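# Residue-level structure breakdown
Here is what each chain is made of, one letter per residue.
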Amino acid sequence: AQSVAQPEDQVNVAEGNPLTVKCTYSVSGNPYLFWYVQYPNRGLQFLLKYITGDNLVKGSYGFEAEFNKSQTSFHLKKPSALVSDSALYFCAVRRGGNKLTFGTGTQLKVEL
Amino acid sequence: SAVISQKPSRDICQRGTSLTIQCQVDSQVTMMFWYRQQPGQSLTLIATANQGSEATYESGFVIDKFPISRPNLTFSTLTVSNMSPEDSSIYLCSVEESVGLRGFSGNTIYFGEGSWLTVV
């Protein structure tokens, strides 16, 4: 079985500061990992994914994520947060079959 | 990425009624999925909509409650039957990107804007 954990329900960061949203996974074999963002009253938007290759993956809106196999983590990062980044962020894993398994989500709040 | 349109975007439904949600994609896609997001919760896969055959349902979801149609490669419907307040959720249609190997788990899944249902 595959699973994803997002240990923080909410992350608060000041605008201009770096942000990190944490994600750890459990899956047999090599994982395919994804990050999605959900703005208020909207559907999910794809940010980035890791399949293979370089452990640092770059995505939309200046976000990046670092795959760490030994720690089974795929943390989402951004060097300088914006107020407009405030949203709900979901980490997900997909391996075998077609099922995308989501974490519980992390609410990011960026304040001035 | 594919453009995914869902109808209705929002609705308030009476207990005991049924509602059909439509999902239209602007390109042909092999894999379509239906997810549910209950208030304040994460997303749960309801079923995979297969073109020309029965949908494949996840544990805890049954065809009588959530019948799905997939008449072609660009369209699918999800019906929420005999609704109760516990069915109040966001229902999201999603598709697998058409570029890439068919059935490859590294293919990206894209989501529509969702259908926000409230059952009273």
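Quick note: structure is the one above.
One structure accompanies this document, and this report is about it.

The rules behind each value
- Residues numbered from 1 in each chain as written.
- Chains lettered and ligands numbered in written order.
- Predicted model: local features only at pLDDT ≥ 70, side-chain atom pairs only at ≥ 80, totals over all residues.
- Heavy atoms only, no water.
- Contact = heavy atoms within 4.5 Å.
- Buried area = accessible area lost by both parts, 1.4 Å probe.
- Salt bridge = Lys/Arg side-chain N within 4 Å of Asp/Glu carboxyl O.
- Polar contact = N/O pair within 3.5 Å; in protein donor to acceptor, adjacent residues only side chain to side chain.
- Helix = DSSP H or I, 4+ residues; strand = E, 2+ residues; numbered from the N terminus.
- Nonpolar A, V, L, I, M, F, W, Y, C, P; charged D, E, K, R; others polar.
- Phe/Tyr/Trp six-rings, centres within 6.5 Å; stacked < 30°, edge-to-face > 60°.
- Buried < 20%, exposed > 50% of the residue type's maximum accessible area, 1.4 Å probe, protein only.
- Lys NZ or Arg CZ within 6 Å of the ring centre and 35° of its normal.
- Pairing = 2+ DSSP bridges.
- Axes fitted to C-alpha atoms, helices over the stretch in contact; angles between N-to-C directions.
- Disulfide = S-S within 2.5 Å.

### Some remarks on the interface of chain A and chain B
Listed as interface residues are 23 residues of chain A and, on the opposing side, 26 residues of chain B. Carbon and sulfur atoms make up 52% of the area that chain A and chain B hide from each other, which totals about 1900 Å². The interface formed by chain A and chain B contains 4 salt bridges. The residue Glu96(B) makes a salt bridge to Arg94(A) at a minimum N-O spacing of 2.5 Å. Taken together, chain A and chain B are joined by 12 residue pairs in polar contact (both at pLDDT 80 or more). In terms of residue count, the dominant contributor to the side of chain A that touches chain B is strand S5 (residues 32–38) of chain A (4 residues). Partitioned by chemical class, the residues of the side of chain A that touches chain B number 10 nonpolar, 8 polar and 5 charged.

### Digging into the packing of aromatic side chains
Following the criterion strictly, the structure yields 15 aromatic pairs over all chains and no others. Centre to centre, the rings of Phe102(A) and Phe111(B) are 6.0 Å apart; their planes meet at 70°, and the pair counts as edge-to-face. Residue Phe102(A) is located in strand S11 (residues 100–102), and its partner Phe111(B) is located in strand S10 (residues 109–111); the two belong to separate chains. By relative accessible area, Phe111(B) is classed as buried at 9%. Of the aromatic side chains, those joined through ring pairs into one cluster are Phe34(A), Tyr36(A), Phe46(A), Phe90(A), Phe102(A), Tyr35(B), Tyr110(B) and Phe111(B). Sitting above the plane of the Trp116(B) ring, Arg10(B) keeps its charged end 4.8 Å from the centroid.

### Some remarks on the sheet that holds strand S8 (residues 75–80) of chain B
The strands making up a sheet are joined through hydrogen bonds of the backbone, oriented either antiparallel or parallel. All names here are of chain B. Here we have 4 strands laid out as an open sheet, ordered S1-S3-S8-S7, and antiparallel in their pairing. Two strands in the sheet have a free side with no partner beyond their single neighbour: strand S1 (4–7) and strand S7 (68–72). Going from strand to strand, the sheet's axes swing by 15° on average, the running direction of each strand aside. In the sheet, strand S3 (residues 19–25) pairs with S8 via 6 bridges, with the strands oriented antiparallel. Along S8, the bridge assignment pairs Gln 24 with Phe 75.

### Re unusual backbone geometry
Put simply, Lys7(B) and Pro8(B) share a cis peptide bond, and its omega is -5°. Topologically, Pro8(B) is positioned in the loop between S1 and strand S2 (10–13). Positive phi values are uncommon outside glycine, yet Thr72(A) reaches one of about 45°. Checked against the element boundaries, Thr72(A) lands in the loop between strand S8 (64–68) and strand S9 (73–78). Given a relative accessible area of 31%, Thr72(A) falls into the partly exposed group. Positive phi, normally seen in glycine, also occurs at Asn82(B), with a value near 45°. The residue Asn82(B) is located in the loop between S8 and strand S9 (89–96) in this model.

### Notes on the pattern of salt bridges
In total, this model carries 9 salt bridges over all chains according to the counting rule given. For the salt bridge of Lys99(A) with Glu58(B), the shortest nitrogen-to-oxygen distance reads 3.4 Å. Placement of Lys99(A) in the loop between strand S10 (87–94) and S11 and of Glu58(B) in the loop between strand S6 (56–57) and S7 is noted, with the two residues assigned to different chains.

### Remarks on the state of the cysteines
The full count for this structure, using the stated rule, is 2 disulfides over all chains. For Cys23(A), the disulfide goes to Cys91(A), at an S-S distance of 2.0 Å. Residues Cys23(A) and Cys91(A) share a disulfide whose torsion about the S-S bond is about -60°; that sign makes it left-handed. With a gap of 68 residues between them, Cys23(A) in the loop between strand S3 (19–21) and strand S4 (24–26) and Cys91(A) in strand S10 connect regions that are remote in the sequence. Accessibility assignment for this pair places Cys23(A) and Cys91(A) in one class, buried. A sulfur-sulfur separation of 1.9 Å characterises the disulfide bridge that pairs Cys23(B) with Cys93(B). Looking along the S-S bond of the Cys23(B)-Cys93(B) disulfide, the torsion reads about -65°, which is the left-handed sense. A residue pair is termed long-range when its members are at least 10 positions apart, and Cys23(B) in strand S3 and Cys93(B) in strand S9 qualify at 70 residues. Taking relative accessible area as the criterion, Cys93(B) reaches 1% and is therefore assigned buried. Cys13(B) forms no disulfide, and the closest cysteine sulfur to it belongs to Cys23(B), at a distance of 18 Å.

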